[in-house]
Amino acid sequence: MFTNRYVRTIILSRVFLQLGVWIRNFAVLLYVTDLTNNDPKFVSLISVVEFAPIFLFAIIGGTFADRWKPKRTMVWSDFLSAISVLVVLLALVMGEWYALLIGTLISASLSQFSQPSAMKLYKKHVAADKLQSVMALSQSLIGIFTIVGPIIGVFIFMQFGIQVSLLLTFLFFLTSAVILSFLPRDAEETNAHNTGSFMSEMKAGISYVWSNRSLRTLGATFAASGLAAGMIQPLMIFITIENLDQDKSFMQWFLMTNGAAMLIGGAFIMTVAKRVKPQVLLAVGLLVSAICTIAVGASKILLLSFALQALSGLFYPCIQVGIQTLIMKNTEAAYMGRVGGAITPIFMGMMVVGMSISGYLKDMSSLLSVYVLSGCLLLVGAWLLMPIMKEKQARVQSF
């Protein structure tokens with residue numbers, strides 16, 4: 001994979017981009033909580049400005065990614081993100097701390113233009129039998145920063161403060177843009193699909209997803225798994241306190257165990273990617289996650305809970321890699337940005353719905369009931385994949 005110039009360059013740029021994102025996110029979080037005396041309204045607002053762009057700009061960014069040249073889009077997105085951080089730093093020096101939230105919103109919005117362009121380049125320049133390995137590599141990178149990102153972000157803020165944190169974020173974003181500038185020049189191409197207005201192209205992208213059975217199925221699976229993930233995400237602290245009788249700070253060890261297992265799982269998938277079909281990978285990941293979710297909700301044994309977190313983390317990359325690979329294999333290059341922009345918000349939207357009702361469900365029933373319901377939704381997500389599984393099997397038998 002690393003012999004491919006596009007993979008090598010994009011992954012290296014993403015290392016610096018992830019460093020900048022994690023340092024920025026934790027610097028903003030810790031600075032705002034210190035400044036507002038842990039005001040929950042402002043803490044919630046930080047999450048809103050980080051996640052809202054996915055709803056607002058995913059399909060818009062995906063449509064523009066299909067219209068614009070991918071290398072140029074990625075370079076300018078990272079460069080403008082760097083400039084936005086620099087402007088925020090200057091505003092902060094002048095005492096305008098609210099600029100932190102605005103800057104985070106702008107930077108998160110720009111990423112919705114950059115990410116689809118990276119997928120478009122992978123689609124064009126990575127061999128079909130290597131796509132799944134590349135997706136696994138990307139997932140492993142996320143796993144690494146799930147572990148080290150919070151540690152780096154907290155350390156830099158605690159040692160050097162908000163200004164140095166933002167300065168480093170600016171430098172890392174700028175470095176990512178510079179690295180991407182070494183990609184080969186975008187090829188001039190005539191795209192018959194992108195000849196209309198912006199709105200007509202966005203509608204064409206949504207119609208393309210709806211008319212493609214595999215993509216429709218993935219959207220439904222995304223909805224079920226997003227709702228399942230959202231329902232239990234805020235409740236991990238109660239697993240720590242109620243089921244295991246530990247202090248809430250103990251939860252960090254569960255997160256680190258899960259993140260380390262994700263890293264190992266992503267590395268393993270890279271070695272078997274050619275031999276496992278993405279739809280099988282996705283189904284197995286959902287089934288194992290469903291079982292682990294229900295078991296975590298029921299477990300009151302510390303070592304068993306750690307083992308379940310590790311097992312869940314090992315198979316979580318199967319879900320992400322399977323979905324991303326299926327999207328890339330079932331989407332024409334001309335629609336890559338719009339398809340990602342249409343499907344990704346489904347997961348995030350349903351996850352937010354799940355997070356908003358999880359507390360009420362726990363109060364109305366029990367912690368175990370919510371975890372069982374979440375596990376059942378993951379089973380539904382796996383069941384929804386059956387049409388794709390049968391379709392692929394029938395296609396093989398016909399040959």
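Refer to the preceding data block for the structure.
Our subject in this report is the structure included herewith. Predicted model, so just to flag it, every value in this text is computed and none were measured.

**Some remarks on the packing of helix α4 (residues 99–125) against helix α11 (residues 302–329)**
Packed helices, taken two at a time, are described by the angle their axes make and the gap between the axes. Interhelical geometry of α4 versus α11 gives an angle of 65° and a closest axis separation of 11 Å. Classified by chirality, the crossing of α11 by α4 is right-handed. Of the residues in α11, those in contact with Met119, Tyr122 and Lys123 of α4 are Gln324, Met328 and Lys329. Residue composition of the contact of α4 with α11, by class: three nonpolar, one polar and two charged.

**Considerations on α4**
Two residues of an α-helix separated by three or four positions point the same way, owing to the 3.6 residues in each turn. Along its 27 residues, α4 runs 39 Å from first to last C-alpha, staying within 8% of the 39 Å computed at 1.5 Å per residue. At Gln112, α4 is bent by approximately 25°, the largest bend along its length, and proline Pro116 sits one to four residues beyond.

**A few points about the packing of aromatic side chains**
For the structure on display, the rule yields four aromatic pairs. Ring centres 6.1 Å apart and planes at 40° place the aromatic pair Phe16 and Phe172 in the tilted group. Note that Phe16 is positioned in helix α1 (residues 5–35) and Phe172 in helix α5 (residues 131–180), a separation of 156 residues in sequence. Classification of Phe172 as buried rests on a relative accessible area of 18%. Measuring from centroid to centroid gives 5.9 Å for Trp22 and Phe26, while their planes differ by 20°, and the two rings are stacked. You can see Trp22 and its partner Phe26 sitting in helix α1, four residues apart, about one turn around the helix. Residue classification places Trp22 among the partly exposed positions, given a relative accessible area of 21%. In this structure, Arg216 packs its charged tip against the face of Trp210, placed 5.5 Å from the ring centre. The aromatic ring of Phe238 is capped on one face by Lys362, whose charged end is 4.7 Å from the ring centroid.

**Here we look at the environment of Ala136**
Looking at the secondary structure, you find Ala136 in helix α5. Remark: the alpha-carbon pair of Ala136 and Met270, spanning 134 residues in sequence, is separated by 5.6 Å. Not counting residues within four places of it along the chain, the set of residues in contact with Ala136 comprises Gly266, Ile269, Met270 and Val321.

**Focus on the pattern of salt bridges**
With the rule as written, the count across this model stands at two salt bridges. As a salt-bridge pair, Arg14 and Asp78 come within 3.5 Å of each other at their nearest N and O atoms. With Arg14 in helix α1 and Asp78 in helix α3 (residues 70–93), this pair connects stretches of sequence that are 64 residues apart. What makes Arg14 buried here is its relative accessible area of 13%. Asp78 sits in the buried class, given a relative accessible area of 3%. Put simply, Lys362 and Glu242 hold a salt bridge, and the shortest N to O gap is 3.1 Å. Of the two residues, Lys362 sits in helix α12 (residues 336–364) while Glu242 sits in helix α8 (residues 236–243), which places them 120 residues apart along the sequence. Under the relative-accessibility criterion, Lys362 is labelled buried at 16%.

Parameters and conventions
Residues numbered from 1 in each chain as written. Predicted model: local features only at pLDDT ≥ 70, side-chain atom pairs only at ≥ 80, totals over all residues. Heavy atoms only, no water. Axes fitted to C-alpha atoms, helices over the stretch in contact; angles between N-to-C directions. Helix = DSSP H or I, 4+ residues; strand = E, 2+ residues; numbered from the N terminus. Left-handed = near helix turned anticlockwise from the far one by under 90°. Contact = heavy atoms within 4.5 Å. Nonpolar A, V, L, I, M, F, W, Y, C, P; charged D, E, K, R; others polar. Expected span 1.5 Å × (residues − 1). Bend = angle between axes of the 7 residues up to and from the residue. Phe/Tyr/Trp six-rings, centres within 6.5 Å; stacked < 30°, edge-to-face > 60°. Buried < 20%, exposed > 50% of the residue type's maximum accessible area, 1.4 Å probe, protein only. Lys NZ or Arg CZ within 6 Å of the ring centre and 35° of its normal. Salt bridge = Lys/Arg side-chain N within 4 Å of Asp/Glu carboxyl O.

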